[in-house]
Amino acid sequence: MTPLPDIIRYPDKGEWKELVRRPVLETEAIDKVVLPILEDVRIGGDKALLEYTRKYDGAHLEGPEVTHEEMLAAEKLVDRDLRQAISLAYRNIETFHRSQQIRPKRIRTSSGVTCWQKSVAIEKVGLYVPGGSAPLFSTVLMLAVPARIAGCSEIILCTPPDTKGRVHPAILYAASCSGVTRVFRAGGAQAIAAMAYGTESVPPVDKIFGPGNQYVMAAKQIVSRGRVAIDMPAGPSEVMVLADDSARPGFVAADLLSQAEHGCDSQVLLVSVSERLIRRARALLLRHLAELPRKDIAARALSNSRFILVRDAGEMVDLANAYAPEHLIISASNAGGIAEKVIHAGSVFIGNYTPESAGDYLSGTNHTLPTNGYARIYSGVNLDSFVRKITFQRITRKGLKAIGPAIIRMADTEQLTAHSLAVSLRIK
């Protein structure tokens, strides 16, 4: 099994740039694989989509869509305890995202001038839910629930099937519960192409959501150069834990493993003011790793891990802001105070009893978050991700007379004479 990297002790700030570097993605090589797939599906439609499903998923399908009968049968295949857990997650996610709705306010900017904005749902959205080594039915809830609250009229979902062409019943059950209108058996870059361009079966959408591997991320970024929007560049998962001696080493070790088991390209970092804490967490990490069913995947991810000893809490938070993690866990005596200083992170988990797993499943916040440092410029998925804002304004005759001369002066200075004329004709 891959040994853990050594502890990095008191690095100078000049070394931080290298410390926060993610595993290098060979984007050119990935694009060379993805571009032909996108073009094949764009031109070949269902035929190309089904051929790639056979090639990459080993499934021979007559058509990509999951039938109504399969959707109904899925509920019977999900045990009662899991159905109850999904229901609790649904309620919490719905409660949190519904709270993000904002009632429009009409603002009088000047006498006789009124402005307001209205949120309007994106009509057609496509959700991508990875299958691969784990059925991420929780991602269905995270994407479909806010889409339904926003009022999206068409919510389609693509997810890869197993070798027999089946989609995991928990994914189908979550889709039924949360308002997905149609489900398609398609994964990888080919699924992104189908949602972006449309096929005989898969309708084209206006915006694509969802995490995935490097190929899925590349496909999303490429199709977004056209008329299709994407949520964010969400790639391999990552977590950073900030901890001091008040942290529980076993909790820290489990939090690190919970991200490492996502995939071989995941990354975990532990930053602490206590070398004792780091050593104990590392020892427990290795002990728990040996017991994991996905230990080989987690072990490979841990080869990208970092264990960093810093001087004080100030350096901990500065290093966190430099890394801009997807998930940031703060297990420290002043966790709340440290959290207030965080400015670059996807989602923050405060205190010893707030595991990242809670956010992944059912605390209510969304788990579709920016990775690879994109937390500096992107938000995680939220209700606003599924709407666009239209602005309105109404001006009375008296109001236009009041602001008209200023508009004319500005338009004339920019040499846009027709702009000036459109106002002067009205106020004369």
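Up top is the structure these notes are about.
Residues numbered from 1 in each chain as written. Predicted model: local features only at pLDDT ≥ 70, side-chain atom pairs only at ≥ 80, totals over all residues. Heavy atoms only, no water.

Caption draft 1: Spotlight on the overall build of the protein. The number of helices and strands found in the protein is 17 helices and 14 strands. Expressed as a percentage of the 428 residues in the protein, the buried residues total 50%. Restricting the contact set of the protein to residue pairs at least 6 apart, pairs at least 24 apart contribute 75%. In the structure as shown, the protein presents an accessible area of about 21000 Å², 52% of it carried by carbon and sulfur atoms. (Helix = DSSP H or I, 4+ residues; strand = E, 2+ residues; numbered from the N terminus. Buried < 20%, exposed > 50% of the residue type's maximum accessible area, 1.4 Å probe, protein only. Contact = heavy atoms within 4.5 Å. Areas by Shrake-Rupley, 256 points an atom, 1.4 Å probe, with all protein chains shown as cover.)

Caption draft 2: Representation of the environment of Val-348 within the structure. Positionally, Val-348 belongs in strand 13 (residues 347-350). With 55 residues separating them along the chain, Val-348 and Ile-403 place their C-alpha atoms 46 Å apart. Residues in contact with Val-348, not counting those within four places in the same chain, are Leu-328, Ile-330, Ala-339 and Val-342.

Caption draft 3: Fine view of the packing of aromatic side chains. Scanning the entire structure with this criterion turns up five aromatic pairs. On the numbers, 4.1 Å between centres and 10 degrees between planes, the contact of Phe-209 with Phe-386 is stacked. Note that Phe-209 is positioned in strand 7 (residues 207-209) and Phe-386 in the loop between helix 15 (356-361) and strand 14 (387-395), a separation of 177 residues in sequence. Judged by its relative accessible area of 0%, Phe-209 falls in the buried class. Ring plane angle 70 degrees and centroid distance 5.5 Å describe the contact between Phe-251 and Tyr-353, whose orientation is recorded as edge-to-face. Here Tyr-353 lies in the loop between strand 13 and helix 15 and Phe-251 lies in helix 10 (residues 249-260), a separation of 102 residues in the sequence. Its end group placed over the ring of Trp-116, Arg-106 keeps NZ or CZ at 3.8 Å from the ring centre. It is Arg-282 that lies over the ring of Phe-307; its NZ or CZ is 4.8 Å from the centre. (Phe/Tyr/Trp six-rings, centres within 6.5 Å; stacked < 30°, edge-to-face > 60°. Lys NZ or Arg CZ within 6 Å of the ring centre and 35° of its normal.)

Caption draft 4: A look at unusual backbone geometry. For Ala-324, which is not glycine, the phi dihedral falls at a positive 55 degrees. When you line up the elements, Ala-324 lands in the loop between helix 13 (313-323) and strand 12 (327-331). A positive phi angle is found at Asn-372, which is not glycine, with a value near 55 degrees. Note on placement: Asn-372 falls in the loop between helix 15 and strand 14. We classify Asn-372 as partly exposed; its relative accessible area is 32%.

Caption draft 5: Representation of a nonpolar patch on the surface in the model. Judged by side-chain polarity, Val-33, Tyr-56 and Tyr-215 come together as a nonpolar surface patch covering roughly 270 Å² of accessible area. Within the element layout of this structure, Tyr-56 appears in helix 3 (residues 46-57). Judged by its relative accessible area of 43%, Tyr-56 is partly exposed. (Patch = residues over 30% accessible without salt bridge, like charges linked within 9 Å, V, L, I, M, F, W, Y side chains within 5 Å. Salt bridge = Lys/Arg side-chain N within 4 Å of Asp/Glu carboxyl O.)

Caption draft 6: Up close: the pattern of salt bridges. Tallying each qualifying case throughout the model produces 17 salt bridges. One salt bridge in this structure joins Glu-70 and Arg-185, with 3.2 Å as the shortest N-O distance. Of this pair, Glu-70 sits in helix 4 (residues 68-77) while Arg-185 sits in strand 6 (residues 182-185), placing them 115 residues apart in sequence. For Glu-70, a relative accessible area of 29% corresponds to the partly exposed category. On the accessibility criterion, Arg-185 (11% relative accessible area) is buried. One salt bridge connects Asp-162 with Arg-166, and the closest N-O pair in it is separated by 3.1 Å. Via salt bridges that share partners, Arg-9, Glu-275 and Arg-279 belong to a single interconnected network.

Caption draft 7: Representation of the sheet that holds strand 7 within the structure. What the five strands build is an open sheet, ordered 6-5-4-7-8; its pairing is parallel. The sheet is open, and its two borders are formed by strand 6 and strand 8 (229-230), each paired with just one other strand. Two elements, strand 7 and strand 8, share two bridges in a ladder whose sense is parallel. For Ile-208, the partnering residue across the bridge sits in strand 8 and is Ile-230. (Pairing = 2+ DSSP bridges.)

Caption draft 8: Quick look at the sheet that holds strand 2 (residues 107-110). Read across the open sheet, the three strands follow the order 2-3-14; overall the sheet is antiparallel. Of all the strands in the sheet, the pair left with one neighbour each is strand 2 and strand 14. Taking each pair of neighbouring strands and ignoring which way they run, the sheet shows an average axis angle of 30 degrees. Sheet analysis places strand 3 (residues 113-121) next to strand 14, joined by nine bridges and oriented antiparallel. Paired with Val-120 across the two strands is Arg-388, which belongs to strand 14. In the packing of helix 16 (residues 397-413) onto the sheet, contacts are made with strand 2, strand 3 and strand 14, and the angle to strand 14 comes to roughly 95 degrees. (Axes fitted to C-alpha atoms, helices over the stretch in contact; angles between N-to-C directions.)

Geometric descriptors of this kind do not, in isolation, establish any biological role.
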